[in-house]
Amino acid sequence: MFERFTQEARAAVIGAQEVARRLRSDRIGSEHVLLGALGTRDSVAARALARTGVEPAAVEAAVRALPPHPIDPDALAGIGIDLDAVRTRVERTFGPGALDRPAPDDPADRGRRRPAGHIPFDGAAKKMLEVALREALRLQHRRIDTGHLLLAVVRLDDTPAHRALLAVGLDPDTLRTAVIATWAAPAEA
Amino acid sequence: MSEELLTAAAGEDPAAGLRAVRSLHALADRLEALHVERARRLGWSWQQVAAALGVTRQAVHKKYGKRFG
């Protein structure tokens, strides 16, 4: 699907891999794609964020502060457990977000090393790329750029990337408007 | 049981199987913490919580005593 990506969107995906490695993640998550997009110089995403007045560093800090999420919905689906179904029932008793608060101590997180080599995308990141493509189709844009990636984050409100934006106080609608304004404005030299 | 489920349960790919196990541990830890907290709020003794979890009172108190004491 990357053949329809603009140069800067490709750079963002490569950047996401570097971010994931830097943050010692063994998966490229939606939050890493978000940081990859924002960190790509002069990208639509970076310019849109600048319009909102939020610093990229603040978004990265928010991503670092996200609770570690070793509960992998894809892996559980592989053994027949529907995490969404579990979540729905748990939240009925314990309230929204009950499963997302960090477990007291995840021994598996101790002493994790910086992953080397190729890092796969996780489910949320794949979904984000898919939705970015759909956003481009919907808007009848021929290419997918980092603006479409941001619109995907705005839309996917159950992703870590979306939670990071909320954590820095960024209103999803404001960001969507900023992306559209960035497309309309001529690129600065 | 679906074909997919049987394949994963058979553990063809160690990476997928291990990730599933890790996720199960994390999910179980999270659920345990939620339920222990709730049981204590509802007035359960550490002894009752420990018996329900099948561990010693000391073990459960050591793990949660500070937080939900």
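If you're wondering where the values come from, they're calculated on a predicted model, not measured in any experiment.

What follows is about the overall build of chain A. Looking only at helices and strands, chain A has ten helices and zero strands in total. Moving toward the C terminus, one meets the helices and strands of chain A in the order α-α-α-α-α-α-α-α-α-α. The buried share among the 189 residues of chain A stands at 44%. Expressed as a percentage of contacts within chain A between residues at least 6 apart in sequence, the contacts between residues at least 24 apart total 69%. In the form shown here, chain A has an accessible surface area of approximately 9900 Å², with 52% of it arising from carbon and sulfur atoms.

Secondary structure summary: chain B contains four helices and zero strands in total. In chain B, the order of α-helices and β-strands from amino to carboxyl end is α-α-α-α. Total accessible area computed for chain B in this model is approximately 4600 Å², and 57% of it derives from carbon and sulfur atoms.

Here the focus is the nonpolar core. In this structure, Val33(A), Leu34(A), Val59(A), Leu149(A) and Leu150(A) are the most contacted members of the largest nonpolar core, which totals 44 residues. Listed by contribution, the elements that provide at least two residues to this core are helix H1 (7-22), helix H2 (30-39), helix H3 (44-52), helix H4 (56-65), helix H7 (123-138), helix H8 (146-155), helix H9 (160-167) and helix H10 (172-184) of chain A. When neighbours within four sequence positions are excluded, Val59(A) is seen to be in contact with Leu34(A), Leu35(A), Leu38(A), Leu49(A), Val54(A), Leu165(A) and Val168(A). If you look at the next biggest cluster of nonpolar residues, it comprises ten residues, including Ile71(A), Leu76(A), Leu27(B) and Leu34(B).

One pass over the structure, following the stated rule, counts one aromatic pair over all chains. Ring geometry for Phe2(A) and Phe5(A): centres 5.0 Å apart, planes at 75 degrees, overall edge-to-face.

All names here are of chain B. Residues with a pLDDT of 70 or more make up 84% of chain B, whose mean pLDDT is 83. The lowest-confidence element of chain B is helix H1 (residues 3-9), averaging 52 in pLDDT; the highest-confidence one is helix H3 (residues 46-53), averaging 96. As scored by the predictor, the complex reaches a pTM of 0.61 and an ipTM of 0.74.

What follows concerns the pattern of salt bridges. With the rule as written, the count across this model stands at eight salt bridges over all chains. A salt bridge links Arg155(A) to Glu135(A); the shortest N-O distance between them is 2.4 Å. Of this pair, Arg155(A) sits in helix H8 while Glu135(A) sits in helix H7, and the two are 20 residues apart along the sequence. Overall, the relative accessible area of 45% leaves Arg155(A) in the partly exposed class. Across the pair Glu32(B) and Lys63(B) runs a salt bridge whose closest N-O atoms are separated by 3.0 Å.

As a further point, take helix H2 (residues 14-41) of chain B. Residues and elements named next belong to chain B. Across its 28 residues, H2 extends 40 Å between first and last C-alpha, which sits within 8% of the 40 Å expected from 1.5 Å per residue. Residues of H2 that are buried: Arg19, Ala20, Arg22, Ser23, Ala26, Leu27, Asp29, Arg30, Ala33, Leu34, Val36 and Ala39. Among the residues trailing H2, Gly43 stands out with phi positive, at a value near 95 degrees.

On the surface, Asp82(A), Asp84(A), Asp157(A) and Asp158(A) cluster together to form a negatively charged patch. We classify Asp84(A) as exposed; its relative accessible area is 53%.

Okay, the side chain of Thr159(A) next. Relative to the helices and strands, Thr159(A) resides in the loop between H8 and H9. Setting aside anything within four residues of it in sequence, one finds Thr159(A) in contact with Ser30(A) and Ala124(A).

We now examine unusual backbone geometry. Residue and element names in this part refer to chain A. At Asp42, a position not held by glycine, the phi torsion is positive, near 60 degrees. Structurally, Asp42 can be placed in the loop between H2 and H3. Even without glycine at this site, Gln140 takes up a positive phi of about 55 degrees. Looking at where Gln140 falls in the secondary structure, it is placed in the loop between H7 and H8.

So, how was this worked out
Residues numbered from 1 in each chain as written. Chains lettered and ligands numbered in written order. Predicted model: local features only at pLDDT ≥ 70, side-chain atom pairs only at ≥ 80, totals over all residues. Heavy atoms only, no water. Helix = DSSP H or I, 4+ residues; strand = E, 2+ residues; numbered from the N terminus. Buried < 20%, exposed > 50% of the residue type's maximum accessible area, 1.4 Å probe, protein only. Contact = heavy atoms within 4.5 Å. Areas by Shrake-Rupley, 256 points an atom, 1.4 Å probe, with all protein chains shown as cover. Core = buried A, V, L, I, M, F, W, Y, C linked by side-chain atoms within 4.5 Å. Phe/Tyr/Trp six-rings, centres within 6.5 Å; stacked < 30°, edge-to-face > 60°. pLDDT = per-residue confidence, 0-100. Salt bridge = Lys/Arg side-chain N within 4 Å of Asp/Glu carboxyl O. Expected span 1.5 Å × (residues − 1). Patch = residues over 30% accessible without salt bridge, like charges linked within 9 Å, V, L, I, M, F, W, Y side chains within 5 Å. Lys, Arg positive; Asp, Glu negative; His and termini not counted. Charge placed at Lys NZ, Arg CZ, Asp CG, Glu CD.

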